[in-house]
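Tertiary structure, described
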There are 2 protein chains.
Amino acid sequence: MTDVPREAFLLPGPVKMHPRVIEAMAVPAMNHRGPEFKEVLAEVRTLTQYAFATHGPVAVLSGSGTAGLEAAVSGLLRKGDRVLNLVNGKFSERFHELCQVFSTSTALTFDWGTAVDPASVAAAMDSQDYRAVTLCWNETSTGLTNPIAEVAKIVKDHDALFLVDGITAVGGIENRMEAWGLDALIVGSQKCLAAPAGLSAVALSKRAYELLHPETSFYVNLKAHIDALAKEDTPFTPAVPLFLAFREALRLLKEEGLEHRIARTRTLAEAARAGVAALGLELFPDRRFASNTVTAIRYPPGIDDSKFRKILRADHRTIVAGGQAQLKGKIFRIGHMGICSIEDLQEGFRAIETTLAAMGHRVKAGAAVEAMAGRA
Amino acid sequence: MTDVPREAFLLPGPVKMHPRVIEAMAVPAMNHRGPEFKEVLAEVRTLTQYAFATHGPVAVLSGSGTAGLEAAVSGLLRKGDRVLNLVNGKFSERFHELCQVFSTSTALTFDWGTAVDPASVAAAMDSQDYRAVTLCWNETSTGLTNPIAEVAKIVKDHDALFLVDGITAVGGIENRMEAWGLDALIVGSQKCLAAPAGLSAVALSKRAYELLHPETSFYVNLKAHIDALAKEDTPFTPAVPLFLAFREALRLLKEEGLEHRIARTRTLAEAARAGVAALGLELFPDRRFASNTVTAIRYPPGIDDSKFRKILRADHRTIVAGGQAQLKGKIFRIGHMGICSIEDLQEGFRAIETTLAAMGHRVKAGAAVEAMAGRA
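Bear in mind that the values here come from a model prediction, so they are computed numbers and not experimental data. (Residues numbered from 1 in each chain as written. Chains lettered and ligands numbered in written order. Predicted model: local features only at pLDDT ≥ 70, side-chain atom pairs only at ≥ 80, totals over all residues. Heavy atoms only, no water.)

Moving on, we come to the overall build of chain A. When its secondary structure is counted, chain A shows 14 helices and 15 strands. With the C-alpha coordinates of chain A rotated into their principal frame, the extents come out at 60 × 55 × 30 Å. For chain A, buried positions account for 65% of its 376 residues. Within chain A, contacts between residues at least 6 apart in sequence are counted, and of these 71% link residues at least 24 apart. (Helix = DSSP H or I, 4+ residues; strand = E, 2+ residues; numbered from the N terminus. Buried < 20%, exposed > 50% of the residue type's maximum accessible area, 1.4 Å probe, protein only. Contact = heavy atoms within 4.5 Å.)

And the structure:
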């Protein structure tokens, strides 16, 4: 393993990987049509169902989250299908953009940082028939978790398909996909599952599986991928090293236990929010919907985004994310999912505190870490 | 690096990887929107142009060869476009199947093991207008290289677009894409470039780049990928570890020199064909078009495919490929591309000879390796 200096790596994905995951990739070429790889695929399938908390059909695609979304959208929807996209951030916008390619879709928008309002969804669905609704469960761009259970109930009551971007939610936020009746749920490998970037997984309800049609994108044909995985195979050449790393990351999830991982992620989020308050800073999103996997924080007056992140990185080897699109320069974002520990998070907050102080933001030394200590 | 017993790994892809390539993947998570990864992408772009011997636009996709083909087909063609698919094996059949999704395509078929006949292509193009023609340059399923320069001339004379599957050709077979006027050329990472499976690269002519339209597949939108790479970026999350390995594999190609790699691949192929003859076996394809990257060999009477490959693997740790589709049980295939050495190939042939002898095929001991020795 190449020696790379340790960094406090607090992006909302990719996230820190366990050495076992990193080492799992470093193996000679493996025949993806041979017996060993069949064993890998069998284990990946079972562990993917575990991560999704489902008994239904799953696929693992050699392509990142967007590939997973396209697989679900192009496999379930057709041109002419009316689709309602719930939009309140950059990733729900992308979901809408994707749906426009494969269906006739309408965006129901909410201000960035506010949650999707179930009553508005109900009103929209009462006034117009929709074949499907899409939701970005956890909006990584604003650090907000949408009220999925409430929205799911409305969608179910209106008998529409419910397609959910769970890219930064699955494995980090409580998930009852079967009870809620989600029809398609998509996750990315490099988020709460703490594997390298480059894979995505899709879980379907049984009725959604039955509805898959063949006029879909070719490489991400979801039925082909699900049916192949059921036989420990892939329709096209898989990204072998990424599957090996993904399996190892899922084994780590299973060893920790899904419920435990989710509870620990919540504790980390509470610690992060306590740290934010102790620094005299404000969350960006409506705090009732603040995400447990990503914390988005408003810059205090006078703190320049690019200068802040440059100092943080150069002097403290700490990497956080800036804002995207309309939030560029206004917020910064911290990921605390996957195998992130309270020590990682405290190290990050210590660096943030020092950097803000050096840039003129008045803060009591040690306040953030102290506030977090009681939380974990 | 995990300790895995050494195998003579003679598949027509994935192929043996250099330890530098394997180790390049084993690094902690890297921010794919940060400055280091921009450097990776800049180098990958330049080295990809080198591998394609082009000065034109290139893209590297986080998806295997089929994703690269779909990017070119869905970006350049539209429903209603008349396309002529030249089909003489499993992979040209898949290319045809893909084109049927995105255009109105017709297959011009040739027997498996025979080359695409330029005169037939000319006749087909004289009798009907086609917007595009597709060719699988090196048919991995039959071990045959199609006469690309001759076909390119005909396509050019008829002013059609020429889309070429170069998945097992680029980096192993002499390539004059700019002189021949290829409009799209696709390669897979795990073949002649000897990187792990999971990436594909696409090179376009300048006129093809100008013709890219937006009603394409979403994740493999070729214009988005090309334009992003030109700015050291990617439109969606890239498979970071695979890009690091791909860069290292391309560096190795550059260090060896493209012309040298191609000449060495030819020498290996000549050695393989000499070995086949010395074993009293026959090539499957028309030998005038025998591929320099993959050798396909007919089984002699009485040799059972699955038993042969099982013994070869269990007793000699040597892995070769069987036949696909209609050729299942009739042929076996050996890859000799990328960083494969004459020693790897001789070790493989020694194992093949011993296995065939044990199964009752009469052969002079040491004949294959002896015949190959004079060739390299």
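Residue and element names in this part refer to chain A. Summed over all chains, the structure comprises 42 salt bridges over all chains. Close ionic contact of R309 with D305 constitutes a salt bridge, the shortest N to O distance being 2.9 Å. Taken together, the residues R309 and D305, both in helix α12 (residues 305–316) and 4 residues apart, mark about one turn of the helix. Of the residues examined, R309 reaches a relative accessible area of 28% and is grouped as partly exposed. We classify D305 as buried; its relative accessible area is 9%. It is possible to trace a salt-bridge network through shared partners that takes in R20, E43, R247, E248, R251 and E255. (Salt bridge = Lys/Arg side-chain N within 4 Å of Asp/Glu carboxyl O.)

Cis geometry marks the peptide bond from A:G13 to A:P14; its omega dihedral reads 0 degrees. Along the chain, A:P14 falls in the loop between β1 (8–9) and α1 (19–25). Not every positive phi belongs to a glycine, and A:A325 is a case in point at roughly 50 degrees. Mapped onto the fold, A:A325 is located in the loop between β14 (321–322) and β15 (331–335). Even without a glycine there, the phi angle at B:E232 is positive, about 55 degrees. Position of B:E232 relative to the elements: it lies in the loop between α9 (222–230) and α10 (240–256).

Another aspect to go through is the pairing of strand β15 (residues 331–335) of chain B. Every other side chain in a regular strand lies on the same face of the sheet, so the side chains alternate between the two faces. Residue and element names in this part refer to chain B. Counting buried residues in β15 gives 5 out of 5 residues, a clear majority hidden from the surface. By the alternation rule, side chains of β15 split into I331, R333 and G335 and F332 and I334, which are all buried. Sheet topology places strand β12 (residues 294–298) next to β15; 5 bridges connect them, and they run antiparallel. Within the sheet, the bridge partner assigned to V294 lies in β15 and is G335. (Pairing = 2+ DSSP bridges.)

Attention shifts here to the sheet that holds strand β14 (residues 321–322) of chain B. All names here are of chain B. As summarised here, the arrangement of the 4 strands in space is β11-β12-β15-β14, forming an open sheet in which the pairing is antiparallel. Single-partner strands in this sheet number two, and they are β11 (282–283) and β14. The sheet contact formed by β14 and β15 spans 2 bridges and is antiparallel. From the neighbouring strand, A321 faces β15, where its bridge partner is R333.

With that settled, consider the relation of the copies chain A and chain B. Superposition of chain A onto chain B requires a rotation of 180 degrees combined with a translation of 0.0 Å along the rotation axis, giving an RMSD of 0.0 Å. The relationship between the two copies is best expressed as a two-fold rotation axis. With an isologous cut-off of 70% or more, the 100% of interface residues of chain A that recur at the interface of chain B puts this contact in the isologous class. (Least-squares fit on C-alpha atoms with pLDDT ≥ 70 in both.)

The next point concerns the environment of A:A67. Turning to its location among the elements, A:A67 is positioned in helix α3 (residues 65–76). Taking the C-alpha atoms as reference points, A:A67 and A:S217, 150 residues apart in sequence, are found 9.9 Å from one another. Beyond its immediate sequence surroundings of up to four residues, A:A67 is in contact with A:L61, A:S200, A:V220 and B:Y219.

Here we take up the state of the cysteines. Residues and elements named next belong to chain A. On inspection of all chains with the given rule, the structure shows 0 disulfides over all chains. C99 supplies the cysteine sulfur nearest to C136, a cysteine that is in no disulfide, at a spacing of 12 Å. You can call C136 buried: its relative accessible area is 1%. (Disulfide = S-S within 2.5 Å.)

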